[in-house]
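Structural overview for review
Residues per chain, in single letters:
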Amino acid sequence: MGLTAEESGRIAALLDTHADKLTASWTDTIAVSLRGRLTRAELLKQVQDLHRATLDALRSGDFDLAAAGSGALRAALVDLSRSRARQGFSASETAITVFGLKKALFDVVDTRGADPQVLADLIAAGLMIDDLGLFTFETYAKTREELIADQAEQLLELATPVVKLWEGVVAIPLVGTLDSARAQVVMERLLETLVETSSPYAIIDITGVPAVDTQVAQHILKTVVAARLMGAECIISGIRPQIAQTIVALGIEFGDIATKATLADALRHALRMIEASRKGRSN
Amino acid sequence: MERVPVLKIGDILLVSIQVDMQDQTALALQEDLADRIVATGCHGVIIDITALDIVDSFVGRMLSSIAAISRVLDAETVVVGMRPAVAITLVELGLSLDGIRTALNVERGMELLAQSRADEPDLGLDLGLDLADLDSFGPTATP
Amino acid sequence: MTTDVGLGEPQVVTIAADEDVVRVRQLVRTVAVAAKLSLVDQTKLVTAASELARNTLVYGGGGGAEVTVVDGGRRRGIRIVFSDDGPGIADLDLALTDGYTTGGGLGLGLSGARRLVDEFDIDTAAGQGTRITVTKWAR
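Residues numbered from 1 in each chain as written. Chains lettered and ligands numbered in written order. Predicted model: local features only at pLDDT ≥ 70, side-chain atom pairs only at ≥ 80, totals over all residues. Heavy atoms only, no water.

Now for the UniProt feature "domain: STAS" (unreviewed entry) in chain B. As recorded in UniProt, the feature "domain: STAS" (unreviewed entry) lies at residues 2-113 of chain B. As a span, residues 2-113 of chain B carries 46% helix and 20% strand, and end to end its C-alpha atoms are 29 Å apart. (UniProt positions renumbered as here; feature names shortened; annotations may be inferred. Helix = DSSP H or I, 4+ residues; strand = E, 2+ residues; numbered from the N terminus.)

This paragraph deals with the packing of aromatic side chains. Residues and elements named next belong to chain A. Taken as a whole, this structure holds one aromatic pair over all chains when the rule is applied. Judged by centre distance (6.3 Å) and plane angle (25°), the rings of Phe 137 and Tyr 140 are stacked. Remark: Tyr 140 and Phe 137 occur in helix α6 (residues 116-159); sequence separation between them is three residues, near one turn of the helix. By relative accessible area, which is 41% here, Phe 137 ends up partly exposed. You can call Tyr 140 buried: its relative accessible area is 5%. Across from the ring centre of Phe 89, 5.5 Å away, lies the NZ or CZ of Arg 84, which sits over that ring. (Phe/Tyr/Trp six-rings, centres within 6.5 Å; stacked < 30°, edge-to-face > 60°. Buried < 20%, exposed > 50% of the residue type's maximum accessible area, 1.4 Å probe, protein only. Lys NZ or Arg CZ within 6 Å of the ring centre and 35° of its normal.)

On to the environment of Thr160(A), then. Residues and elements named next belong to chain A. Structurally, the position occupied by Thr 160 is in the loop between α6 and β1 (163-166). Measuring from C-alpha to C-alpha, the distance between Thr 160 and Ala 183 comes to 9.4 Å, with 23 residues separating the pair along the chain. Once residues within four sequence positions are removed from consideration, Thr 160 is found in contact with Val 185, Val 186 and Arg 189. (Contact = heavy atoms within 4.5 Å.)

This part takes up the confidence of the model for chain A. For chain A, the mean per-residue pLDDT works out to 87, and 96% of the residues sit at or above 70. Per-element mean pLDDT across chain A ranges from 83 in helix α9 (residues 241-249) of chain A up to 95 in strand β4 (residues 233-237) of chain A. (pLDDT = per-residue confidence, 0-100.)

Turning next to empty space enclosed by the protein. Residues and elements named next belong to chain A. By the definition in use, this model includes three cavities of 30 Å³ or more. Each pocket or cavity is described by its volume, and for the largest cavity that value is around 90 Å³. Lining the largest cavity we find Ile 172, Leu 174, Leu 178, Ala 183, Val 186, Met 187, Leu 190, Ile 204, Val 216, His 219, Ile 220 and Thr 223. Where the lining of the largest cavity is concerned, the elements lending two or more residues are β2 (169-175), α7 (180-197) and α8 (214-230). A per-class count over the lining of the largest cavity returns ten nonpolar, two polar and no charged. There is about 40 Å³ of room inside the second largest cavity. As for the second largest cavity, its lining consists of Trp 26, Leu 50, Thr 54, Leu 73, Leu 77, Val 98 and Leu 132. Taken together, the elements giving at least two residues each to the lining of the second largest cavity come down to α3 (40-59) and α4 (71-86). The class makeup of the residues in the lining of the second largest cavity is six nonpolar, one polar and no charged. (1 Å grid on protein atoms, 1.4 Å probe; cavity = no way out; pocket = protein on both sides within 12 Å on 5 of 7 lines; lining within 4 Å. Points joined across faces, edges and corners; volume = space filled by probe spheres on them. Nonpolar A, V, L, I, M, F, W, Y, C, P; charged D, E, K, R; others polar.)

Listed as interface residues are 23 residues of chain C and, on the opposing side, 20 residues of chain B. Summed over both sides, the interface between chain C and chain B buries roughly 2000 Å², with carbon and sulfur atoms accounting for 56% of that surface. Between chain C and chain B we count six salt bridges in total. The interface formed by chain C and chain B includes eleven residue pairs in polar contact (both at pLDDT 80 or more). It is helix α2 (residues 39-58) of chain C that provides the largest number of residues to the side of chain C that touches chain B, a total of nine residues. Classifying every residue of the side of chain C that touches chain B gives eight nonpolar, seven polar and eight charged. (Buried area = accessible area lost by both parts, 1.4 Å probe. Salt bridge = Lys/Arg side-chain N within 4 Å of Asp/Glu carboxyl O. Polar contact = N/O pair within 3.5 Å; in protein donor to acceptor, adjacent residues only side chain to side chain.)

What follows concerns the sheet that holds strand β4 (residues 76-80) of chain B. Residues and elements named next belong to chain B. Pairing is mixed across the open sheet formed by five strands, whose spatial order is β1-β2-β3-β4-β5. The open sheet has two edge strands with one neighbour each: β1 (6-9) and β5 (101-103). The average angle at which neighbouring strand axes cross in this sheet is 25°, direction not considered. By the bridge criterion, three bridges tie β4 to β5 in an arrangement that is parallel. In the sheet register, Val 78 faces β5, and the bridge partner there is Arg 101. (Pairing = 2+ DSSP bridges. Axes fitted to C-alpha atoms, helices over the stretch in contact; angles between N-to-C directions.)

Okay, unusual backbone geometry next. Here Arg35(A), not a glycine, exhibits a phi torsion of approximately 45°, which is positive. On the secondary structure map, Arg35(A) appears in the loop between α2 (19-34) and α3. Using a relative accessible area of 65% as the deciding quantity, one classes Arg35(A) as exposed. The backbone phi angle of Lys36(C) is positive, close to 65°, even though this residue is not glycine. Within the secondary structure, Lys36(C) sits in the loop between α1 (18-34) and α2.

Moving on, we come to the packing of helix α1 (residues 23-40) of chain B against helix α2 (residues 57-72) of chain B. The description of two helices packed together rests on the angle between their axes and the distance between the axes. Residue and element names in this part refer to chain B. The interhelical angle for the contact between α1 and α2, taken along N-to-C directions, is 10°, at an axis separation of 10 Å. Taken as axis vectors, α1 and α2 run roughly parallel relative to one another. Of the residues in α2, those in contact with Asp 23, Ala 26, Leu 27, Leu 29, Gln 30, Leu 33, Ala 34 and Ile 37 of α1 are Phe 58, Met 62, Ser 65, Ile 66, Ile 69 and Ser 70. Its residues placed into classes, the contact of α1 with α2 shows ten nonpolar, three polar and one charged. (Parallel < 35°, antiparallel > 145°, perpendicular 65-115°, else oblique.)

This paragraph deals with the pairing of strand β3 (residues 44-48) of chain B. All names here are of chain B. With five of five residues buried, β3 is to be regarded as a mostly interior element. Across the two faces of β3 the burial is the same, with Gly 44, Ile 46 and Asp 48 and Val 45 and Ile 47 all buried. Pairing of strand β2 (residues 12-16) with β3, which is carried by five bridges, proceeds in the parallel orientation. Its bridge partner lying in β3, Ile 12 is registered against Gly 44. In the classification by handedness, the crossover that spans β2, the intervening α1 and the parallel β3 is right-handed. (Right-handed = clockwise from strand over helix to strand, strands pointing away.)

Rolled over the atoms, a probe with the dimensions of a water molecule shows which regions are left empty. As a volume, the largest pocket reaches approximately 840 Å³. Pro200(A), Tyr201(A), Gly231(A), Thr102(B) and Leu112(B) are, among the 29 residues lining the largest pocket, the residues nearest its centre. Listed by contribution, the elements that provide at least two residues to the lining of the largest pocket are α8 and α10 (263-282) of chain A together with β5 and α4 (106-119) of chain B. The greatest single-element share of the lining of the largest pocket, amounting to six residues, is contributed by α10(A). Here the residues of the lining of the largest pocket sort into 13 nonpolar, seven polar and nine charged.

This part is about the pattern of salt bridges. Residue and element names in this part refer to chain A. Counted according to the given criterion, the structure contains 26 salt bridges over all chains. Residues Asp 107 and Lys 103 are paired through a salt bridge, measuring 3.4 Å at the closest nitrogen-oxygen approach. With a gap of four residues between them, Asp 107 and Lys 103 both fall in helix α5 (residues 91-108), about one helical turn apart. The class for Lys 103 is partly exposed, based on a relative accessible area of 46%. The partner of Glu 233 in a salt bridge is Arg 228, and the shortest N-O contact between them spans 2.9 Å.

Structure (structure tokens):
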């Protein structure tokens, strides 16, 4: 929605005349809704920036948020909604930052017995602020979507770190629930790392796995068998008491697979095996 | 039909399979290897399958047969270089390659063979010890 | 050189001799790469194709393989049909059991191949030949 040049000029004058009272009242409104999560000084600074950007946009002629003259205002709103989204503020907490101006205007301008012209300008200003609010809200939502997409990607990367613990020993600390798709990725990554690092020992640490069902156990067993086919031995560590009980209750055979209580025990076991084979060769 | 070359390196026979083998090629390799083990008196065989992008049940059976035949001829077989995707597929296929020793690469395979040769008792030395033991503990030595 | 993997255009390989099994493997690999199957899925499909092509040759007395790229909505897949006019399979349940063999193999051909693909369909009867259809989808 656009304003005529005259309306823009009169609203700009209105904002300018009552600048100090407006920003103070505006800041108060936001401060109440954010309940101290940002200091009053920070809020005042943000409000003053927004106030100035709005004034500049209004003074550039007939106001239109989409026009070139409002570039700086749009940038200020984008910055504001992005930082609110990143800091985890809710949608209404973000919206009030803009809509606070409307309440401040109504507080500051005495509407009783006011000139019809002033009332008309107030309504026009109100509609303009609605525009700013909508724009802010859209940016906020877009930022949140980007954040979620980024986090999902980071989670997948986080999900399968294969680390080299020692010469000849790699470890994969499994964290979180293993579904079939993730288990497959984990399995492939582990086996590829064995080849890349030429490591004959792999430790699968399940300390961070909340529960083991038949499927997860099957995936781990298959990984162990595949590693053996390639010439590497797996050690499973971090089996918690209740998981041990589940494994036995489900009737899953871990057979001759080495299991250790902790990652440290598993590493010690692997190093002992490496040492034994080295001695065997040098005899 | 192509034949897979068998190389002799020290006292080890090295077979590096570089082609997508027909079944006949696999059978021929099995025979060639048995002949070469006897002819060279080698005690170790390394089969490098790094270049194989699949191992099906036929090739799996060939590997098991080679391992069994070499064992009869007093040679040990190590299969090296199996790719992760091949290993995952074999597990799903249900092929466990029982009785086959494996290593990540040729170097590790040679270490494995050297180690198991070292673990084998040295015949001469053992006989000497046995004789000494007989002297002190044998029934004839008891006064 | 580009390999045509247009939808619905089957590529056919006649299976009459040992080297045809190799040709089936190579064709399936090329098509699987073009259809963007993951490396592990390519390997599984090629291995299954190798088992089934050998079965067609050894038990079916020769036949053919037909490789088609199929569209499953959001993803692509590869469908392979192996057919022969051989003696057929009299007891299907038995033939699909791990370790059962009449040909001196490991008895993993049919049952193993079934585990390596997403869809497995077999149409056979004694004296009627055998027709096996397998499909693997890109993830």
